[in-house]
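Residue-level structure breakdown
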Amino acid sequence: MYDAIIIGAGHNGLVCAAYLAKAGRKVLVLEANDRVGGAAITRSFGTGFKVSAGAHLINLLDPVVIDELKLESHGLDLGQKTLKTVSLSHKGQHLVIDGDQLTGQVSDEDRSAFADYKAQMTRFSRLLNKLHLRPPPRLKPGRLSDYLDLLRVGAGLRRLGQRDMRDFLRIAGINIYDVLEEHFDNELLKGALAFDAVLGNHLGPRSNGSVLNALHRSSGRINDDNGTFASPPGGVGAVSEALAKAAVALGAKIRTGAPVEQLMFNGDTACGVRLQSGEQIEAETVVSNADPKRTFLDLVGARHLEAEFAQSIHRTRCSGNVAKLHLGLKSLPRFTELDPTLAGERLLIAPSADYLDLAFNQAKYGHCSDHPAMEITIPSVADPSLADEGHHVLSAIVQYAPYRLKGGWEHAHEPFKKTLIDQLDQYAPGLSLQVISSELLTPADIEAEFGITGGHWHHGEMTLDQAFMLRPAPGAGRYATPIDGLYLCGAGSHPGGGVMGLAGRNAAQTVLSGGKT
Ligand SMILES: Cc1cc2nc3c(=O)[nH]c(=O)nc-3n(C[C@H](O)[C@H](O)[C@H](O)COP(=O)(O)OP(=O)(O)OC[C@H]3O[C@@H](n4cnc5c(N)ncnc54)[C@H](O)[C@@H]3O)c2cc1C
């Protein structure tokens, strides 16, 4: 009999387990896969190559989690935490973004507008980060603490000052395309900034709500400075391993290769789980790191849910639109006119906001983009252990590749991989001839490998209708659920996806305080 069973050893499940164990709870983590980390793992592909198979950069892991769980003493090493972003031009006129500085063919007006834009977005994302560190406020009337939570949000907005507050309220619900048009002329800059506003979602730069995603992406504080990225030595899996070590050191038990089939109930209260093997394990509390649809529709079952709540979970939008390309290369690719010292930075193919918009148009109608946008990393530049001597690993997140592809992925898989390699060839001529191993993970593959319904990066779209106390759905927006004894702790809950650890931390605090919906 455990105090808490956590379903899933994704990074949020591990964080939740560590906090519960730290508070003296007897905790068991059950993971379906044969390794911990969920979509934050390092694994092999091809012969002699290793890659961060899901998440490949860290920008959101919260310093509060790092400090409170003493992750550095358990081996956490984020490596260089200030990767630059290079917005690639196939003509070789690249733009480099380094904090609030721009290098490349960019006007003085754009340079100065960027410094102002960046400073304002940083102020907004700091506000968001404060909201991320707590369960979202409850809308139900009644408790003094709920009114205080709402007051705190209002006070945070008020502290921005009149101009910022007005701008924040104006842009939060609109689209990034219009915001960028107001500020900049440079197409590469607009492309790079728009890319961050759509990444991981079924959003184009002209979709309303894209500004919210941009703010979410820049709310990370890994370097006390919003918006920087790290490529950890050993890949992102090394972060999950540090989390697992911390959880175990605090007393949690982790079992891999232990898929949960169903929740068990005592009356209407969750009282444990049954594994696919038939084994039954009891616990006072069950916390699910699996995505909301999987949790409620598969593991709980609709018959245990009120019809209205079951409907709202059905309605949750969680069809992924991101693919992942892994290439094992004979040598370091040469991007046209790119200083080779920049090859290990974060490289983007998003040459303009219009380019992204056109790429999204195809995905809207169920097709892969003919000219997709990509976030490319070559982690073997900083960490040669990821490939045999002299070889390199390229990892690219590809936007857009719809989960519900017209005609299905079976026949589209290889042609799309070829499209991507051909596209890379345009930016780094000869790259295709260097490929020794290649692997494409479509959203369907992501669903199969990581157990995420729809293969969605965030376990569900990150838009206003699925954010804060509405995430994943009304009635389950504060980690507690309509089922007594069952809580959520994954990316499908506030504050959403990305390797942050905050959903896991907030969920643990809610469990420890006996929180209700
Ligand atoms: C292709 C891709 C690229 C990404 N790139 C980045 C990036 O560069 N940076 C970034 O910050 N974020 C990135 N993300 C997002 C990030 O990886 C996720 O948002 C994050 O890992 C979610 O963590 P989680 O712990 O909430 O859930 P998950 O990582 O999904 O973990 C859930 C766990 O639950 C387990 N599980 C599910 N069902 C069961 C069951 N029935 N029984 C037992 N176990 C079960 C799963 O196997 C899994 O291990 C990316 C995501 C994808 C898919």
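What comes next concerns the included structure.

The rules behind the values
Residues numbered from 1 in each chain as written. Predicted model: local features only at pLDDT ≥ 70, side-chain atom pairs only at ≥ 80, totals over all residues. Heavy atoms only, no water. Helix = DSSP H or I, 4+ residues; strand = E, 2+ residues; numbered from the N terminus. Rg over C-alpha atoms; globule rule 2.2 N^0.38 Å. Buried < 20%, exposed > 50% of the residue type's maximum accessible area, 1.4 Å probe, protein only. Contact = heavy atoms within 4.5 Å. Areas by Shrake-Rupley, 256 points an atom, 1.4 Å probe, with all protein chains shown as cover. Lys, Arg positive; Asp, Glu negative; His and termini not counted. Charge placed at Lys NZ, Arg CZ, Asp CG, Glu CD. Phe/Tyr/Trp six-rings, centres within 6.5 Å; stacked < 30°, edge-to-face > 60°. Lys NZ or Arg CZ within 6 Å of the ring centre and 35° of its normal. Patch = residues over 30% accessible without salt bridge, like charges linked within 9 Å, V, L, I, M, F, W, Y side chains within 5 Å. Salt bridge = Lys/Arg side-chain N within 4 Å of Asp/Glu carboxyl O. Near = heavy atom within 4 Å. Polar contact = N/O pair within 3.5 Å; in protein donor to acceptor, adjacent residues only side chain to side chain. Nonpolar A, V, L, I, M, F, W, Y, C, P; charged D, E, K, R; others polar. Expected span 1.5 Å × (residues − 1).

**Topic: the overall build of the protein**
Check the secondary structure of the protein and you find 15 helices and 17 strands. Over its C-alpha atoms the protein spans a radius of gyration of 22 Å, differing by no more than 12% from the 24 Å that the globule rule assigns to 517 residues. In terms of overall dimensions, the protein has a C-alpha envelope of 65 × 55 × 50 Å along the principal axes. Each of the 517 residues in the protein was classed as buried or not, and the buried ones make up 60%. A separation of at least 24 residues holds for 73% of the contacts in the protein among residues at least 6 apart in sequence. Carbon and sulfur atoms make up 50% of the accessible area of the protein, which totals about 20,200 Å². Separation between the mean location of the 51 positive side-chain charges and that of the 57 negative ones in the protein comes to 5 Å.

**Quick notes on the side chain of His 132**
Here His 132 lies in helix 3 (residues 108–132). His 132 gets classed as buried once you look at its relative accessible area, which sits at 2%. With sequence-adjacent residues up to four places away left out, His 132 is seen in contact with His 216, Ser 219, His 494, Pro 495, Met 500, Leu 502 and Asn 506.

**As for the packing of aromatic side chains**
Using the criterion set out here, one finds seven aromatic pairs in the structure. Ring geometry for Tyr 117 against Phe 184: centres 5.3 Å apart, planes inclined by 75°, an arrangement best described as edge-to-face. Placement of the pair is Tyr 117 in helix 3 and Phe 184 in the loop between helix 6 (176–183) and helix 7 (187–198), with a sequence separation of 67 residues. The exposure classification of Tyr 117 matches that of Phe 184, with both residues buried. What links up through ring pairs into an aromatic cluster is the set Phe 114, Tyr 117 and Phe 184. One Lys or Arg, Lys 26, reaches over the ring of Tyr 2 and ends 4.9 Å from the middle of that ring. Lying across the ring of Tyr 177, Arg 206 places its NZ or CZ 3.8 Å from the centre.

**So, a nonpolar patch on the surface**
Residues Leu 144, Tyr 147, Leu 148 and Leu 151 make up a contiguous nonpolar surface patch of about 450 Å² in total accessible area. In this fold, Tyr 147 is placed in helix 4 (residues 144–159).

**Considerations on the pattern of salt bridges**
Evaluation of the coordinates by the stated rule reveals 21 salt bridges. The shortest N-O distance in the salt bridge between Asp 164 and Arg 123 comes to 2.5 Å. With Asp 164 in helix 5 (residues 162–171) and Arg 123 in helix 3, this residue pair connects regions lying 41 residues apart in the sequence. Here the salt bridges share partners, and the residues they tie into one network are Asp 196, Arg 217, Arg 346 and Glu 375.

**Quick look at the site of the ligand**
Close to the ligand lie 36 residues; Glu 31, Leu 57, Trp 457, Ala 491 and Gly 498 are nearest. Taking Asn 12, its side chain carries an N or O atom lying 2.9 Å from an oxygen atom of the ligand. Contacts to the ligand include Leu 57, whose backbone N or O atom sits 2.7 Å from a nitrogen atom. Isolated, the ligand exposes 1,000 Å² of accessible area, and the fraction of that covered by the protein chains is 97%. Looking at the shell around the ligand, its residues break down into 18 nonpolar, 15 polar and three charged.

**Topic: helix 7**
Over its 12 residues, helix 7 extends 16 Å from the first C-alpha to the last, a length consistent with the 16 Å expected when each residue adds 1.5 Å. Counting buried positions along helix 7 yields 11 of 12 residues, so the element is predominantly enclosed. Residues of helix 7 that are buried include every one of Leu 188, Leu 189, Lys 190, Gly 191, Ala 192, Leu 193, Ala 194, Phe 195, Asp 196, Ala 197 and Val 198, and no others. Capping the start of helix 7, Asn 186 holds a side-chain oxygen 2.9 Å from the backbone nitrogen of Leu 188, two or three residues further along. Immediately beyond the C-terminal end of helix 7, within one or two residues, lies Gly 200, with a positive phi of roughly 85°.

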